[in-house]
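# Reading the structure
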Amino acid sequence: MAAQMNFVRCITLLGAVTLTSACSEVFDYFAQKGLDDPTENISVSGIANKVLIGRDDYGVPYIEADSIDDLVFGIGYAMAEDRLEQMVAMNLLARGRLSEMTGPITVEMDVYMRTLNVPQIIEQRFNALSPEMKAQLGSFANGINAYIESHKDRLPLTMALTGYTPEPWQASNSIGLFVLLNLGVGFNVHEELSFLSMAKQLGAEKAAYLAPIYPDEPIDFAEAKKLSGLTLASADLQSLTEMMTRLDSTLGRIRGQGVAASNNWAVDPAHTRNGASLVANDTHLLLTQPSTWMLGAVKSPEYTGVGISLPGIPALVAGYNGDIAWGETMVMADSMDIFIEQLRTTGTGTEYLYQGNWYPLQEREERIRIKGEDDLVIQVQSTRHGPLLKAALAGPSKNKIIPNKTDSSYGLALSWTAQYPDNTIDAFFRLGQSKNIQQVEENLNDVGFIHLNVIYGDKDNIGWQVTGLYPQRQSGRGHFPSPGWTGEYDWGDAWGGAATPRVLNPDSGYLATGNNRTVEAGFEPVLTNSWYYPERAERAQQMLHASDQHDRDSMIAMQADRTDVLVAKVQDMWLSHGWQAMIKEGIAALPEKEQKAAESIFARILDFDGVMASESANAAVWGMLETQLIRGMFLDELGPDDGDLWKNFMTLNGSAYSGYQDHLLGRRQPDGTFAPFWDDVTTTAVEHPGMIIAQALANTSAVLNETLGAESEWAWGKLITYHWRTDATLMKPHMSSLEQAVVGVLSDYLDRGPYPAGGNRNTLNVAGYDLGKDFEVWNIPAMRMVVDFSQPEPMNLVVAGGASANPASPHYDDGIDLWLSRQNRVLPINDPDKVNAHFHQQRYLIPVNQQTAD
């Protein structure tokens, strides 16, 4: 992550190069140096026999070897060839060392990872691996290092420009990437941090309406009452929540490897056209360049398959191995809890209160190297509940990002499921070797550190299983922060493994998840309180049950679908007698000119089919209306829109089912009145929903006219866009003006787009953007997979972008048009002749003691 951010230091290296078109020539020079001939054999040390690396027309690699050790060596070499910068940056991020490459802009990320003690967790988990897995990761590292060693004088572009030289890859680095995956699929910590800020401003009970669990579940007042004894507006907690707002921004950048969305589903043979199972998956991640995922096919006597991998992990994360197929979505697991600790400073140090007694904080020192600046030394303090986040952020520092340490009577400690030992990476590798449904289930039982809904199948069966280890809390549900001093909310032993929810061959014939609640309300032990919006899963079920003749094409059509079923829910509600009367009353109270505009928009909404097509005018109306509604409901109390409170609100809306949608669907308070944010507190009147809706209707017309022109010009794709941007571009808001200017030049060279988009957060073909902020899409299907077991070559797979991170490569961006087409393509693995013809650009890695390939 963020390897391109190195470029902010490139001025000293470019010297006389000015910010003109001449930069492109410089970039081309460095980028082209890193390209290899995909048909030229290479002599390497570290393999017993030759290894084939084939590539197809899109640069997707196929690696074949006579043994597993040689295979993973080849995977490492091919991954480094395509994504070395990405791998190095993610490893540095996981180890809290990213600032060694990027400078002070990423210090907060490093502080957070060091506070969580991730480097130690990486080594502990590596030491617990089986000897076989350690050996395979060692061979994988050797493959990466063979590439680095042979390309010292032609490193990837940003490394060449900044002079950063990657260290040799360590076998344990792959564990760090699994830790990043864990951080990416755990979401409630963001909700907890944001809730503290909201509760300080609004009171805990009212703030609870901004973090509803689900439409059919009550507002979680019981969790909010945990904080009733705290003076949330106190100076200590105010300072703390301000720091947590900044920390949550850091977490948002770290969790970019796994944002809140993904779909998977399966169809049993009785409901397919050709009498064999179907398995589909599209994982939703940040829209970045390069893509998060890599496509690939691999073959050895011990491990064969085709699917997606994360650069730096030599195993298929989702895919097909000739016998079974599997794909994942996030459970939205609550894998972290925030504990508010009472602190006091004594003559000998700082202590924390627990069950009536005061205990000394545990302390350790962390030194963070920062490119171009002095080292940063922080003191990490911990309680029995985990590291204190504030203590890390407030450690002694010469760096302006980290404030000076101050005394406080409160701290925030973080408990994390990393404390539970497990066997995840071994299990994931074995998952790809599974030959039948029973082996899939057994291997998934050992996946503890990654919390997923896995849907899988073979030709005759389909199944769903939740993975992961979850805390058993003595009390409470972990939804909001807990007092640490009572002990009543402490964690006990882990729960999960073979006891997690699962279904094999359901009577309905269909399985589907979309980060929605997949268990009954109030399920214990708690999986999460932060389920995502239910509409994607509802639409999947709707489309699955519409036919018993499903095939590859119907699966691809589902993944391309842009119907938002929320529209129909709102239409039904607004057409009911009470709501329709309220809205008409609200429209009648508007100035005459606004009345006509509001009536026209209202009619369009009632006539809308809910399809968020890029060319649709009514989709533009609905999308803009949602923006006006959320601002009309909440900005009066949570604004301004550039303030911390609104940013926290955006975090809540993007992470889970939101207070906005909950209000929109008619949430009532216990006394029967409407949910509290419908009233505009800036007026003396008490507004009802119809008045807020009426004004939003009128505003929608005005803003669309101003933005897009006449109604004949309205189209959703003119508002909502896809833009493939590097991490450097995404980090520009956090840079100095000079750095922004420099990165702007690099962005012109590396970024792609914008392109008209379609869909929204509720559509199967997801297009997530910050509702109420802008229409720039940041959350997309980063891959689309369909496995049709009736076909001789079942795998159909694309990713959102190119195979290579090298901008001089033809495969840097050639996958974008394919992805935009919403189509798919076959990647063969079963038939050797088809594999050979498909991956037709071929070369061999040859042991140094062999002169030529056979």
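The present account deals with the structure reproduced in this document.

What counts and what doesn't
Residues numbered from 1 in each chain as written. Predicted model: local features only at pLDDT ≥ 70, side-chain atom pairs only at ≥ 80, totals over all residues. Heavy atoms only, no water. Salt bridge = Lys/Arg side-chain N within 4 Å of Asp/Glu carboxyl O. Helix = DSSP H or I, 4+ residues; strand = E, 2+ residues; numbered from the N terminus. Buried < 20%, exposed > 50% of the residue type's maximum accessible area, 1.4 Å probe, protein only. Axes fitted to C-alpha atoms, helices over the stretch in contact; angles between N-to-C directions. Parallel < 35°, antiparallel > 145°, perpendicular 65-115°, else oblique. Left-handed = near helix turned anticlockwise from the far one by under 90°. Contact = heavy atoms within 4.5 Å. Nonpolar A, V, L, I, M, F, W, Y, C, P; charged D, E, K, R; others polar. Pairing = 2+ DSSP bridges. Polar contact = N/O pair within 3.5 Å; in protein donor to acceptor, adjacent residues only side chain to side chain. Phe/Tyr/Trp six-rings, centres within 6.5 Å; stacked < 30°, edge-to-face > 60°. Lys NZ or Arg CZ within 6 Å of the ring centre and 35° of its normal. Expected span 1.5 Å × (residues − 1).

### Here we look at the pattern of salt bridges
Overall, the coordinates contain 38 salt bridges when judged by the stated rule. Between Glu-149 and Lys-152 there is a salt bridge; the shortest N-O distance is 3.2 Å. Across the pair Arg-631 and Asp-641 runs a salt bridge whose closest N-O atoms are separated by 2.8 Å. Of the two residues, Arg-631 sits in helix H22 (residues 617-638) while Asp-641 sits in the loop between H22 and helix H23 (644-655), which places them 10 residues apart along the sequence. Look at Arg-631 and you get partly exposed, because its relative accessible area is 24%. Overall, Asp-641 belongs to the partly exposed group, its relative accessible area being 40%. A cluster of three or more residues bridged by salt bridges with shared partners is formed by Arg-55, Glu-81, Asp-82 and Arg-843.

### What about the packing of helix H19 (residues 566-575) against H22?
Two elements in contact, H19 and H22, have axes whose closest approach is 12 Å; the angle formed by their N-to-C orientations is 65 degrees. Classed by the angle they form, the pair H19 and H22 counts as roughly perpendicular. The two elements H19 and H22 cross, and the hand of that crossing is left-handed. Side by side, H19 and H22 meet where Leu-566, Val-567, Val-570 and Trp-574 of the first sit next to Trp-622, Leu-625, Glu-626 and Leu-629 of the second. For the contact of H19 with H22, the class distribution of residues is 7 nonpolar, no polar and 1 charged.

### Quick look at the pairing of strand S10 (residues 336-346)
Regular strands have side chains that alternate between both faces of the sheet. Two elements, S10 and strand S16 (residues 410-416), share 7 bridges in a ladder whose sense is antiparallel. Residue Ile-340 lies in a different strand from S16, and its bridge partner there is Leu-412. Summarising the sheet, S10 and strand S20 (residues 482-483) pair through 2 bridges and their orientation is parallel. In the strand pairing of S20, Ile-340 is matched with Pro-483. As paired strands, S10 and strand S11 (residues 349-354) are joined by 4 bridges and run antiparallel to one another. Following the sheet pairing, Thr-345 is matched in S11 by Thr-350. Between S10 and S11, which follow one another and run antiparallel, lie 2 residues.

### With respect to the environment of Asn-443
Along the chain, Asn-443 turns up in helix H16 (residues 437-445). Given a relative accessible area of 9%, Asn-443 falls into the buried group. Polar side-chain contacts of Asn-443 include one of 3.0 Å to the side chain of Arg-430.

### Concerning the packing of aromatic side chains
According to the stated counting rule, one finds 30 aromatic pairs in the structure shown. Between Phe-634 and Phe-649, the aromatic rings sit 4.7 Å apart at their centres with planes inclined by 45 degrees, giving tilted as the arrangement. On the criterion of sequence distance, the pair formed by Phe-634 in helix H22 and Phe-649 in helix H23 is long-range, its members being 15 residues apart. When its relative accessible area of 0% is taken as the criterion, Phe-634 is described as buried. On the basis of relative accessible area, Phe-649 is assigned to the buried category, the value being 0%. Just above the ring of Phe-677 sits the side chain of Lys-206; from NZ or CZ to the centre is 4.9 Å.

### Some words on the pairing of strand S17 (residues 452-457)
Of all 6 residues in S17, 6 are buried; the element is thus mostly enclosed. On S17, burial covers both faces: Leu-452, Val-454 and Tyr-456 on one face and Asn-453, Ile-455 and Gly-457 on the other are all buried. Where S17 folds back on strand S18 (residues 462-466), the antiparallel hairpin that results is connected by 4 residues.

### Digging into unusual backbone geometry
That bond from Gly-639 to Pro-640 is cis: its omega, 5 degrees, falls within 30 degrees of zero. Note that the residue after Gly-753, namely Pro-754, is joined by a cis bond; omega there is 10 degrees. Along the chain, the position of Pro-754 falls in strand S25 (residues 752-756). Phi at Asn-505 is positive, roughly 50 degrees, even though this residue is not glycine. Looking at where Asn-505 falls in the secondary structure, it is placed in the loop between strand S22 (502-504) and strand S23 (510-513).

### A closer look at the side chain of Thr-467
Topologically, Thr-467 is positioned in the loop between S18 and strand S19 (469-473). Here Ile-450 takes part through its backbone oxygen, which lies 2.7 Å from a polar atom of the side chain of Thr-467. When near neighbours in sequence (up to four residues on either side) are disregarded, Thr-467 contacts Leu-444, Val-447, Ile-450, His-451, Leu-452 and Val-454.

### What about H23?
Over its 12 residues, H23 extends 17 Å from the first C-alpha to the last, a length consistent with the 16 Å expected when each residue adds 1.5 Å. Extensive coverage of H23 is indicated by the burial of 10 of its 12 residues. Taken together, the buried positions of H23 are Leu-645, Trp-646, Asn-648, Phe-649, Met-650, Thr-651, Leu-652, Asn-653, Gly-654 and Ser-655.

### Topic: the sheet that holds S22
The strand order across the open sheet formed by 11 strands is S1-S29-S2-S3-S6-S7-S8-S9-S17-S18-S22, and the pairing between neighbours is mixed. A single partner strand is all that each edge strand has here, and the edge strands are strand S1 (42-44) and S22. When the angles between neighbouring strand axes are averaged without regard to direction, this sheet yields 20 degrees. Looking at chain direction, strand S7 (residues 304-309) and strand S8 (residues 318-320) are connected through 3 bridges and run antiparallel. Bridge pairing in S8 links Val-306 to Tyr-320.

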